[in-house]
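Remarks on the overall topology
So the chains spell out like this:
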Amino acid sequence: MVEGDSRGNVNGVLTIDRAIIDAIVAHARRDHPDEACGVVAGPIGQDVPARLIPMDNAARSMTFYEFDSMEHLRVWREMDDRDEEPVVIYHSHTATEAYPSRTDVSFAGEPGAHYLLVSTREPDSEEIRSFRIVDGVVTEEEVNIVDATVKA
Ligand SMILES: [Zn+2]
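Presented here is a report on the structure given in the accompanying data block. (Residues numbered from 1 in each chain as written. Predicted model: local features only at pLDDT ≥ 70, side-chain atom pairs only at ≥ 80, totals over all residues. Heavy atoms only, no water.)

**A look at the overall build of the chain**
Scanning the chain for helices and strands turns up 3 helices and 7 strands. The linear arrangement of helices and strands in the chain, starting from the amino end, is β-α-β-β-α-β-α-β-β-β. Taken over C-alpha atoms, the radius of gyration comes to 14 Å for the chain, in line with the 15 Å a tight globule of 152 residues would show. Once the C-alpha set of the chain is aligned to its principal axes, its extents read approximately 40 × 35 × 30 Å. Of the roughly 8400 Å² of accessible surface on the chain, a fraction of 50% belongs to carbon and sulfur atoms. (Helix = DSSP H or I, 4+ residues; strand = E, 2+ residues; numbered from the N terminus. Rg over C-alpha atoms; globule rule 2.2 N^0.38 Å. Areas by Shrake-Rupley, 256 points an atom, 1.4 Å probe, with all protein chains shown as cover.)

**Looking at the coordination of the zinc ion**
Protein-derived ligands of the zinc ion are His91 (NE2), His93 (NE2), Asp104 (OD) and Asp104 (OD), with the metal-ligand distances lying across 2.0 to 2.7 Å. Coordination geometry of the zinc ion: the 4 donor atoms subtend angles of 54 to 159° at the metal centre, consistent with an arrangement described as irregular. Donor residues for the zinc ion, ordered by position in the chain, follow H-x1-H-x10-D. Of this pair, His93 sits in strand 4 (residues 84-93) while Asp104 sits in helix 3 (residues 102-107); the two residues are 11 residues apart in sequence, bridging distant segments of the chain. Both residues of the pair, His93 and Asp104, count as buried. (Donors = N, O, S within 2.8 Å, 3.2 Å for Na, K, Ca; no water. Tetrahedral: all angles 85-135°; square planar, octahedral: opposite > 155°, others 65-115°. Buried < 20%, exposed > 50% of the residue type's maximum accessible area, 1.4 Å probe, protein only.)

**A closer look at the environment of Asp31**
Mapped onto the fold, Asp31 is located in helix 1 (residues 18-31). For Asp31, a relative accessible area of 28% puts it in the partly exposed group. As a C-alpha pair, Asp31 and Asp56 span 25 residues in sequence and 9.7 Å in three-dimensional space.

**Considering unusual backbone geometry**
For the bond from His32 to Pro33, the omega torsion is 10°, close enough to zero to count as cis. Of note, Pro33 is situated in the loop between helix 1 and strand 2 (37-43). If you check the backbone angles, Arg60 has positive phi at about 40° while not being a glycine. Assessed through its relative accessible area of 58%, Arg60 is described here as exposed.

**Brief notes about helix 1**
Between its first and last C-alpha, helix 1 extends 20 Å over 14 residues, near the 20 Å set by a 1.5 Å rise per residue. If you check which residues of helix 1 are buried, you get Ile20, Ile21, Ile24, Val25, His27 and Ala28. One side of helix 1 carries all its buried residues, which in axial view fall inside an arc of 155°. Set apart from the buried face of helix 1 by more than 90 degrees, the exposed residues are Ala19 and Arg30. (Expected span 1.5 Å × (residues − 1). Arc of directions from axis to C-beta.)

**Some thoughts on the pairing of strand 6 (residues 127-134)**
The pairing of strand 5 (residues 114-119) with strand 6 spans 5 bridges and is classified as antiparallel. By the bridge assignment, Ser119 is partnered in strand 6 with Glu127. Here strand 6 pairs with strand 7 (residues 137-146) via 5 bridges, running antiparallel. Paired with Phe131 across the two strands is Glu140, which belongs to strand 7. In sequence, strand 6 turns back onto strand 7 through a hairpin of 2 residues, with Asp135 there showing a positive phi of about 50°. (Pairing = 2+ DSSP bridges.)

**Quick notes on the pattern of salt bridges**
For the structure on display, the rule yields 10 salt bridges. Among the ionic contacts, a cluster of salt bridges with common partners joins Arg51, Glu78, Arg82 and Glu84. (Salt bridge = Lys/Arg side-chain N within 4 Å of Asp/Glu carboxyl O.)

Rendered as structure tokens:
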């Protein structure tokens, strides 16, 4: 694991606070066996996931997720208003490994985002992996979980 005191703008690494990961895992556990999904927004251009936005899986499915179209619009508009971007787009897999499905790849519309997957197929542990998905090409990256620094 990489030391956690430098963050952002490193290719091939997602640096994310432990508190946000814990909240994503809690969301995934809550919605299990359906897939959970959401976004972590952050200030544009900084690659720092800061504001967790759990979203509805409109498909309410155990095998794929789909943002509700109205909620999608509202959340993206809100990020625009706050000069934020979707730094992380997360969802859970509840019976398979934390690797993007063919459907995930075909619906991945944010080439600048980290696609974080959490597998809840094991009751006592979670598999957490992150990917870039650009033009249908999936590239795994390191996940660097850091303890939140005290903000002045
Ligand atoms: Zn998936």
